[in-house]
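# Fold and contact review
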Amino acid sequence: MTIARAQADRVARPEAETTVSRDISWQRGKVTADDRARLFRQRPATVWLTGLSGSGKSAIAVELEQRLIEAGHACFVLDGDNVRHGLNRDLGFSPTDRKENIRRVAEVAKLFNDAGLFVVTAFISPYREDRETAREIVGPDRFIEVYLSADVEACERRDPKGLYAKARAGQIPEFTGISAPYEPPLAPELTIDTGTASLHDSVATLFDFVSGRRL
Ligand code: ADX
């Protein structure tokens, strides 16, 4: 096996877990991860933002994306509210639906990384187990878990979409932080206290961290 073939295999997943049909097989491409890294001049990664609604995930994601693009890096944001308008429009907020939401998003992030792009995700992703699944799907060497640690009080004070008020009034069932759990990461690659740090400082911290790790 050539080194190039070994690299291509690294992003393939021929052993993929249960599939509906057994009559499918993995089709290999001729372009390797190294070929794409040379083309885009970057080693892609998935920056996985997790935190409560209102903790700043979407705002930080779009700012980071802009900074990466300005620095010449191909990048794309996957955002919870947006993905739930299309790919995941069939999913609600039960634990089972959130799990499937995160699984699908992780598969998309993996595909984008395989294609050579940076990905920034903005999903509450409240369950540790689901984030660990995402880490496995994307690949631990590419997965950068970033915990935006603003607490419920801070997020509720901001309440940018008025959702906490609605949840308190009983109008949104299973609302994370109010009537559904959030399990903080135990060993994230980075934590940013967005309850106190400004958007500008949070993005600067994150950009420096990603630059140091991947660019
Ligand atoms: S996740 O838990 O499955 O990761 P996701 O990030 O996709 O959630 O979607 C969260 C967004 O959906 C929130 O920012 C909010 O705008 C909206 N939302 C609607 N209902 C809920 C709910 N019950 N809990 C949390 N967020 C909700």
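Every value quoted in this text rests on a predicted model; they were computed, and no experiment measured them.

Now for the pattern of salt bridges. Counted under the stated rule, the structure contains 14 salt bridges. Residue Arg104 pairs with Asp90 through a salt bridge whose shortest N-O separation is 3.0 Å. In this pair, Arg104 sits in helix 5 (residues 95-114) while Asp90 sits in the loop between helix 4 (80-83) and helix 5, placing the two residues 14 residues apart along the sequence. A salt bridge links Asp130 to Lys99; the nearest nitrogen and oxygen atoms lie 2.9 Å apart. Placement of Asp130 in helix 6 (residues 128-138) and of Lys99 in helix 5 is noted, with a sequence separation of 31 residues between them. Take Lys99: its relative accessible area is 36%, and that puts it in the partly exposed class.

Moving on, we get to the packing of aromatic side chains. The tally for this structure, following the rule as stated, stands at five aromatic pairs. Ring geometry for Trp48 against Phe143: centres 5.6 Å apart, planes inclined by 35°, an arrangement best described as tilted. Here Phe143 lies in strand 4 (residues 143-148) and Trp48 lies in strand 1 (residues 46-50), a separation of 95 residues in the sequence. Each member of the pair, Trp48 as well as Phe143, is classed as buried. Here the aromatic rings of Tyr164 and Phe175 are separated by 5.0 Å at their centres, their planes lie at 85°, and the arrangement is edge-to-face. In this pair, Tyr164 sits in helix 8 (residues 163-168) while Phe175 sits in the loop between helix 8 and strand 5 (190-192), placing the two residues eleven residues apart along the sequence. Overall, the relative accessible area of 2% leaves Tyr164 in the buried class. For Phe175, a relative accessible area of 9% gives the class buried. Among the aromatic residues, those joined into a ring-pair cluster are Trp48, Phe123 and Phe143. Just above the ring of Phe207 sits the side chain of Arg67; from NZ or CZ to the centre is 4.1 Å.

Summing up the model confidence of the chain, the mean pLDDT is 92 and the portion of residues at 70 or higher is 92%. Predicted confidence is poor over residues 1-10, with pLDDT under 50, and the contacts of this stretch with residues over four places away or in other chains come to 13 contacts.

Below, the discussion takes up the site of the ligand. The full set close to the ligand counts 19 residues, and Arg84, Arg98, Asn101, Ser125 and Lys161 are the nearest of them. Note that an oxygen atom of the ligand is positioned 2.9 Å from one of the backbone N or O atoms of Ile124. At 2.8 Å, a side-chain N or O of Lys161 approaches an oxygen atom of the ligand. In isolation the ligand offers 560 Å² of accessible surface; the protein chains occlude 92% of this area. In this structure the site holding the ligand corresponds to the largest pocket. Counting only elements with at least two residues in the shell around the ligand, the list comes to helix 4 and helix 5.

Conventions adopted
- Residues numbered from 1 in each chain as written.
- Predicted model: local features only at pLDDT ≥ 70, side-chain atom pairs only at ≥ 80, totals over all residues.
- Heavy atoms only, no water.
- Salt bridge = Lys/Arg side-chain N within 4 Å of Asp/Glu carboxyl O.
- Helix = DSSP H or I, 4+ residues; strand = E, 2+ residues; numbered from the N terminus.
- Buried < 20%, exposed > 50% of the residue type's maximum accessible area, 1.4 Å probe, protein only.
- Phe/Tyr/Trp six-rings, centres within 6.5 Å; stacked < 30°, edge-to-face > 60°.
- Lys NZ or Arg CZ within 6 Å of the ring centre and 35° of its normal.
- pLDDT = per-residue confidence, 0-100.
- Contact = heavy atoms within 4.5 Å.
- Near = heavy atom within 4 Å.
- Polar contact = N/O pair within 3.5 Å; in protein donor to acceptor, adjacent residues only side chain to side chain.
- Areas by Shrake-Rupley, 256 points an atom, 1.4 Å probe, with all protein chains shown as cover.
- 1 Å grid on protein atoms, 1.4 Å probe; cavity = no way out; pocket = protein on both sides within 12 Å on 5 of 7 lines; lining within 4 Å.
- Sits in = over half its atoms within 2 Å of the grid points.

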